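# Structural features, examined
Each chain, written out:
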Amino acid sequence: MTDVTVRQFADVVGLPVDRLLAQLDEAGLKISDADDTITDKEKMQLLSYLRKSHGKSESLSVSQPKKVTLKRKSHSELRTTSSRGTGAKTVSVEVRKKRTYVKRTDLLAEEEERLKQEAEEKAKLLAEREAKLKAEKDALRRAEEEAARRAEEDRKRAEEAALRAKEEASRQAEEDRIKAEKEAQAQARAEQEARQQKSELERKGKRHEADDRQTKYGREELHVAKGKGGRRKKKKISVSGVSIKPSGEHGFERPTAPVVREVEIPEAITVSELAQKMSVKGGELIKSLMRMGVMATINQSLDQDTAALVVEELGHVAKPVASKDLEAQIEELTAEVVSGEKVSRPPVVTIMGHVDHGKTSLLDYIRSTRVAAGEAGGITQHIGAYHVDTDKGTISFLDTPGHAAFTAMRARGAKVTDIVVLVVAADDGVKPQTIEAIQHSKAAGVPMVVAVNKIDKPEADPDRVKTELSQQEVIPEDWGGDTQFIPVSAKTGQGIDELLDALLLQAEVLELTAVEDCPAQGVVIESTLDKGRGPVATILVQNGVLRKGDMLVTGQELGRVRAMFDESGRAIDSAGPSMPAVVLGLSGTPAAGEDALVINDERKARELAEFRQHKQREIKLARQQQAKLEDMFSRMGTGEQSTLNIVLKADVQGSAEALRDALTKIATDEVAVKIVSSGVGGINETDANLAVASNAIIIGFNVRADAAARRVVEEHEIDLHYYSVIYDAIDQVKAAVSGMLSPEVSEEIIGLAEVRDVFRAPKIGAIAGCMVLDGAVRRSSPIRVLRDNVVIFEGELESLRRFKDDVNEVRAGTECGIGVKSYNDVKVGDQIEVFERVETARQVE
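We now examine the pairing of strand β16 (residues 419–425). The element β16 is largely enclosed, with a buried count of seven among its seven residues. Here β16 shows no split at all, with I419, V421, V423 and A425 on one side and V420, L422 and V424 on the other all buried. Two strands pair when backbone bridges link them, and β16 and strand β17 (residues 448–453) are joined in this way by six bridges, in the parallel orientation. Each bridged residue has a counterpart across the sheet, and for V421 the counterpart in β17 is V449. Taken together, β16, helix α12 (residues 432–444) and β17 form a β-α-β motif whose crossover is right-handed.

Here it is, written out as structure tokens:
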């Protein structure tokens, strides 16, 4: 703005001249006449003074504004004349004007900044696109290299398998030929010996007849009692399966009917043993098995059902027997020993319930230790056994997991317990695992005490818990039922004493007893493999007293008790009935739930363990063969099935069992989850090599790989995963199986056009003039031609035009020309349906 006079500036600002002169004087400007000029600098000084006088910041008054808005008012009067001629009217009119001046340099700076940002964004998008293209090219190259490598490996394996099969067939044929020659030679020798013996006996018979005739006709008689001649019973001589009578007849007696034998069949038996029991050749038995659809070798084990079928097929009588003679003897001996004087014992209490309802926290408060703080993810993942000494008696506790995958562990906990404490959160109510715990308790016939936990919370509702449990036939005592309901708080300790009193009262009612003066009996609660101590088993003693030095047999494992500890890690010398003990000295990690027996006779104990190992090995081999046949038939019926192989290692036996069951259930019709190996302890080199051989992934649950295993994993790039929470492992395997599933392909109609006219050109063919009725017609999408709502052709577009121009898409309500590739029979009234195929990734539920 140029310099103006004070009067002009007053008109622009809308102030009286005197008022503006007074403000200029207050601002320290020496301007006293209305005709004096005022510069821009003086205007800014006036503005700074006015801002400061109105409480504005001084910094604002110094800075120059980016824009200035000026307002102006003007008043005028209009005189109007009425249409009726009654007189004139005066109307006051106020005109307001507003004008804003913007600093041009600021606009240019903002425009430069905007252009700079747009350029940076374009450069960033271009860099991301180039990186994505590079990554896609690298992934494609790696996939091609991997496919080529796998194809080469498959070809080599196929060649090796064919070579091995050819060598095996030639070796087997040579063995069969040699065996047949030996059998033919043996049979020829036997027949020759039979003929020689027959001729020798005939000669001896003739000589005896001549001697008899000479004796009867006056020669000296033999030393035979008078009247006994010819009455002596001749003995039969057996030669190569035929009977020869050394009498005057000297004839062979041949079997007149096939021999039917009663064949005893154990739970598992090899083909050679079965052939020997039926007195048939192994080759004939293998042929019979092949006719039944079972491919087996001479040393392969058969399960009891298959063996019984083949025995009956060959005309013999099958007699299935349970190979438990040795175990029956041990059980009878143990039963005789256990039948001694009974004494009272502490109750075994199992704490069950839904996950995160406070089971471990409740036991934590009772034991006054921090157990829950050490649980990964806040959930118990194996059975813990503890005993607590109170003023009124001792109680042994079992803490079972609440996660859905630990069903088998909860069932075991219910079977070895005397009383079940069902923990239900007062703010959450009955949940699926709560109902499952009730079912386990009822199935085992164990009394139940309900602990309504978390009553200290504001949202706690104990009556809701009672109502929901009554629907599961668990009725409180105050409602006329037989189940004690104790409100407790694992956080504040409220109701803990009442809960202990209720448990001891229930134990008194049950009158729990056990035999103390006998060899110890118990059950394996949990087992693990400790790197420094070897196999470690937690055993709950049920009868007798378990001492250091006892010979202990549990399942397939045996050993002398080398050391014993309580649940706190303190060394102990013995453990009585209802007491848990951690035992060292076994030959391996027994399965959780196995019975533990103390057998003083070391020879019998070793014999029993070896018998169980042999039986388990035969059953396992028979099941593997049966599984192979089932897999073969399933693949023949449904096509090839993808398999996710897993090598599983866990810290304890119960977790390994729960993970194995949970992961196996993830399998679908298209993808099978196969546990190649599962065990207890750290991941070693053998596990890594097994994963390489079976193309499997390795899952370590609360365990880690040693240095040798890590080298194999890195060298062969094995997929190795560590987990400490079970549902993380299950979710990851579900995601892997989902990735192996073939996607679901669905069709979506995107456009429909109706043929209004058909134009024919000599070089092009039939061109359909169409009106797009719905959606859009796209050049790149597949199409179908419909006539009377019946599909008569399916293919793709050859051309799509709008007037004379080729276009990629024509939308609804627009005319276009469509050329159908390889089809010229388009007629007026036909409909052309445009669709696209959509692939959707499938998920495992």
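Following the structure, the description resumes.
Turning next to the pattern of salt bridges. For side chains bearing opposite charge, pairing can occur when the charged atoms are close. Inspection of every chain in the model, using the stated rule, returns 37 salt bridges. The partner of E473 in a salt bridge is K442, and the shortest N-O contact between them spans 3.8 Å. Taken as a pair, E473 in the loop between α13 (462–470) and β18 (484–487) and K442 in helix α12 lie far apart in primary sequence, 31 residues in all. One continuous salt-bridge network, built from bridges that share partners, spans E146, R149, R150, E153, D154 and R157.

The predicted model of the protein averages 77 in pLDDT, with 79% of residues at 70 or higher. Element-level pLDDT for the protein is lowest in strand β5 (residues 237–239), with a mean of 41, against a maximum mean of 90 in strand β39 (residues 809–811). Contacts of residues 369–383 to residues separated by more than four positions or lying in other chains number 45 contacts, the stretch itself having pLDDT below 50. With pLDDT under 50 throughout, residues 402–410 is counted as low confidence; its partners more than four residues away or in other chains account for 43 contacts.

Residues L362, F397, L499 and L503 are the most contacted members of the largest nonpolar core, which totals 25 residues. Elements supplying a minimum of two residues to this core: β13 (348–353), α10 (359–367), β14 (384–390), β15 (393–399), β16, β17 and α14 (496–510). Apart from residues lying up to four places away in sequence, L362 is in contact with V423, A451, V488, A490, I496 and L499. The next biggest cluster of nonpolar side chains, apart from the first, holds 23 residues, and it includes V758, A768, C816 and Y823.

Once that is clear, we can look at the environment of Y727. Within the secondary structure, Y727 sits in helix α19 (residues 726–740). Here the alpha-carbon distance between Y727 and A662, two residues 65 residues apart in the chain, equals 9.5 Å.

The next point concerns the packing of helix α6 (residues 271–278) against helix α7 (residues 282–291). In contact at an axis separation of 9 Å, α6 and α7 are set at 110 degrees when each is read in the N-to-C sense. With respect to α7, the axis of α6 lies roughly perpendicular. As for the relative orientation of α6 and α7, their crossing is right-handed in sense. In this structure, α6 uses V271, L274, A275 and M278 to contact α7, whose residues at the interface are G282, L285, I286 and L289. Taken together, the residues of the contact of α6 with α7 break down into seven nonpolar, one polar and no charged.

Together, K67, K71, K73 and K98 make up a region of like positive charge exposed at the surface. In terms of residues, the positive patch owes the most to one element, strand β3 (residues 67–81), which gives three residues.

Throughout the structure, instances matching the rule amount to one aromatic pair. With 4.6 Å between their ring centres and 15 degrees between their planes, F793 and Y823 make a pair best called stacked. Of this pair, F793 sits in strand β37 (residues 790–802) while Y823 sits in the loop between β40 (815–820) and β41 (831–840); the two residues are 30 residues apart in sequence, bridging distant segments of the chain. For the residue pair F793 and Y823, the accessibility class agrees, reading buried in each case. Between R533 and the ring centre of F565, over which it is positioned, the NZ or CZ distance is 5.5 Å. Over the face of the ring belonging to F835 we find R784, whose NZ or CZ atom lies 4.0 Å from the ring centre.

Each value, and the rule that gives it
- Residues numbered from 1 in each chain as written.
- Predicted model: local features only at pLDDT ≥ 70, side-chain atom pairs only at ≥ 80, totals over all residues.
- Heavy atoms only, no water.
- Buried < 20%, exposed > 50% of the residue type's maximum accessible area, 1.4 Å probe, protein only.
- Helix = DSSP H or I, 4+ residues; strand = E, 2+ residues; numbered from the N terminus.
- Pairing = 2+ DSSP bridges.
- Right-handed = clockwise from strand over helix to strand, strands pointing away.
- Salt bridge = Lys/Arg side-chain N within 4 Å of Asp/Glu carboxyl O.
- pLDDT = per-residue confidence, 0-100.
- Contact = heavy atoms within 4.5 Å.
- Core = buried A, V, L, I, M, F, W, Y, C linked by side-chain atoms within 4.5 Å.
- Axes fitted to C-alpha atoms, helices over the stretch in contact; angles between N-to-C directions.
- Parallel < 35°, antiparallel > 145°, perpendicular 65-115°, else oblique.
- Left-handed = near helix turned anticlockwise from the far one by under 90°.
- Nonpolar A, V, L, I, M, F, W, Y, C, P; charged D, E, K, R; others polar.
- Patch = residues over 30% accessible without salt bridge, like charges linked within 9 Å, V, L, I, M, F, W, Y side chains within 5 Å.
- Areas by Shrake-Rupley, 256 points an atom, 1.4 Å probe, with all protein chains shown as cover.
- Lys, Arg positive; Asp, Glu negative; His and termini not counted.
- Charge placed at Lys NZ, Arg CZ, Asp CG, Glu CD.
- Phe/Tyr/Trp six-rings, centres within 6.5 Å; stacked < 30°, edge-to-face > 60°.
- Lys NZ or Arg CZ within 6 Å of the ring centre and 35° of its normal.

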